[in-house]
Amino acid sequence: LDSIDGKHARRTQSSTPLGELFDHGLDSWATSIFVLSFFSVCSRDNGKTGVSVYTMYIYLSIVLFNFMCSHWEKYNTGVLFLPWGYDISQVVLIAAYLLTGTVGVEVWQKPLLFGYYITDVLVILLIGFSLFLSFPQTLYNIHRAHLKKTLKNDSLYEGLLPLVSPLLLFVLLTVWVVLSPSNILAKQPRLFLWMVGVAFSNVICKVIICQMSSTRPELFHWFLFPLALVVYAAISGLLSWTEEVVLGVFTALVTAAHVHYGVCVGRQLSEHLNIYIFSLKKRVQE
């Protein structure tokens, strides 16, 4: 049903910034959940087949990077251009579920061609689409808007501002993955990747709101400060055996904060626009 919600909203004359935020905000969170579900289908590396936890992290990071680029492009151009690779990814994911349901999980544990597994092919395709199609298309669209003098932000600083927090978030998380004394990603892959997706979603939601309201995003997202403390404590050995516990607590706090943020922003927009979130009926004005 993705892409149908906007058509329905325009047909019923109910298009609002709330609907846009609701759609793209949930997409930013669902993107990581889709990737996690795919990992559950093809299984974790057992030394012979499956996907390593580090490949999972890279795979998720690339997917989130593509999503971020689309909204960074809209922040600068005012137009959300989703490349056709976005639709292909959904079709591939559905095909993977159907293939697994029909043939069984064994299909992921047998070489496809020349000793390569299906997961290897999918990762290669993902990297190829990202580096040679999606990201270049984003840069081209921004460049074209610059030539047409339709950019919403004139200065380079303003244009690059939304990228600062997502990139710092990725750097901190990667440092934690690489330098963790207890190899936290291998011990808690689902929990860690869930936390990555939630933190990213909150950062992007704020970019979406700034893009809709034509306001400047904050330079450093507040998630970065507690995350930096946790990462420092983890890689320095201060956490010791409690690293997994701290990851669980931090993930719970980040998830609760994101849900609270979504509920509050949704309620504020619904009151401001005098509409209900899940209904076409107008609010009764006091």
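Cut-offs and rules
- Residues numbered from 1 in each chain as written.
- Predicted model: local features only at pLDDT ≥ 70, side-chain atom pairs only at ≥ 80, totals over all residues.
- Heavy atoms only, no water.
- UniProt positions renumbered as here; feature names shortened; annotations may be inferred.
- Helix = DSSP H or I, 4+ residues; strand = E, 2+ residues; numbered from the N terminus.
- Phe/Tyr/Trp six-rings, centres within 6.5 Å; stacked < 30°, edge-to-face > 60°.
- Buried < 20%, exposed > 50% of the residue type's maximum accessible area, 1.4 Å probe, protein only.
- Contact = heavy atoms within 4.5 Å.

Enquirer: Even after reading the chapter, I still don't get the UniProt feature "transmembrane region" (unreviewed entry) in the chain, so can you show me in this structure?
Expert: Mapped onto this numbering, the UniProt entry gives "transmembrane region" (unreviewed entry) at residues 51-69, 81-100, 112-135, 156-179, 191-209, 221-239 and 245-263. The annotated region residues 245-263 carries 100% helix and 0% strand content, and the separation between its end C-alpha atoms amounts to 27 Å.

Enquirer: Help me understand the packing of aromatic side chains in this model?
Expert: Given two aromatic rings, their pairing is described by the distance between the two centres and the angle made by the two planes. Throughout the structure, instances matching the rule amount to 12 aromatic pairs. Here F22 and F278 contribute two aromatic rings whose centre-to-centre distance is 5.6 Å and whose plane-to-plane angle is 90°, an arrangement assigned as edge-to-face. With F22 in helix 2 (residues 17-42) and F278 in the segment after helix 10 (243-272), this pair connects stretches of sequence that are 256 residues apart. Classification of F22 by relative accessible area gives partly exposed; the value is 35%. Taking relative accessible area as the criterion, F278 reaches 74% and is therefore assigned exposed. Where W176 meets F192, the ring centres are 5.3 Å apart and the plane angle is 70°; that geometry is what we call edge-to-face. Residue W176 is located in helix 6 (residues 156-179), and its partner F192 is located in helix 8 (residues 189-213); the two are separated by 16 residues in the primary sequence. Judged by relative accessible area, which is 0%, W176 ranks as buried. Judged by relative accessible area, which is 0%, F192 ranks as buried. Clustering of aromatic rings is evident, with ring pairs tying together F38, F39, Y59 and W108.

Enquirer: It is not clear to me how the side chain of H24 should be interpreted in this structure. Could you clarify?
Expert: Note on placement: H24 falls in helix 2. Overall, H24 belongs to the buried group, its relative accessible area being 12%. Residue contacts for H24: discarding those within four places in its chain leaves F67, H71, L80 and I208.

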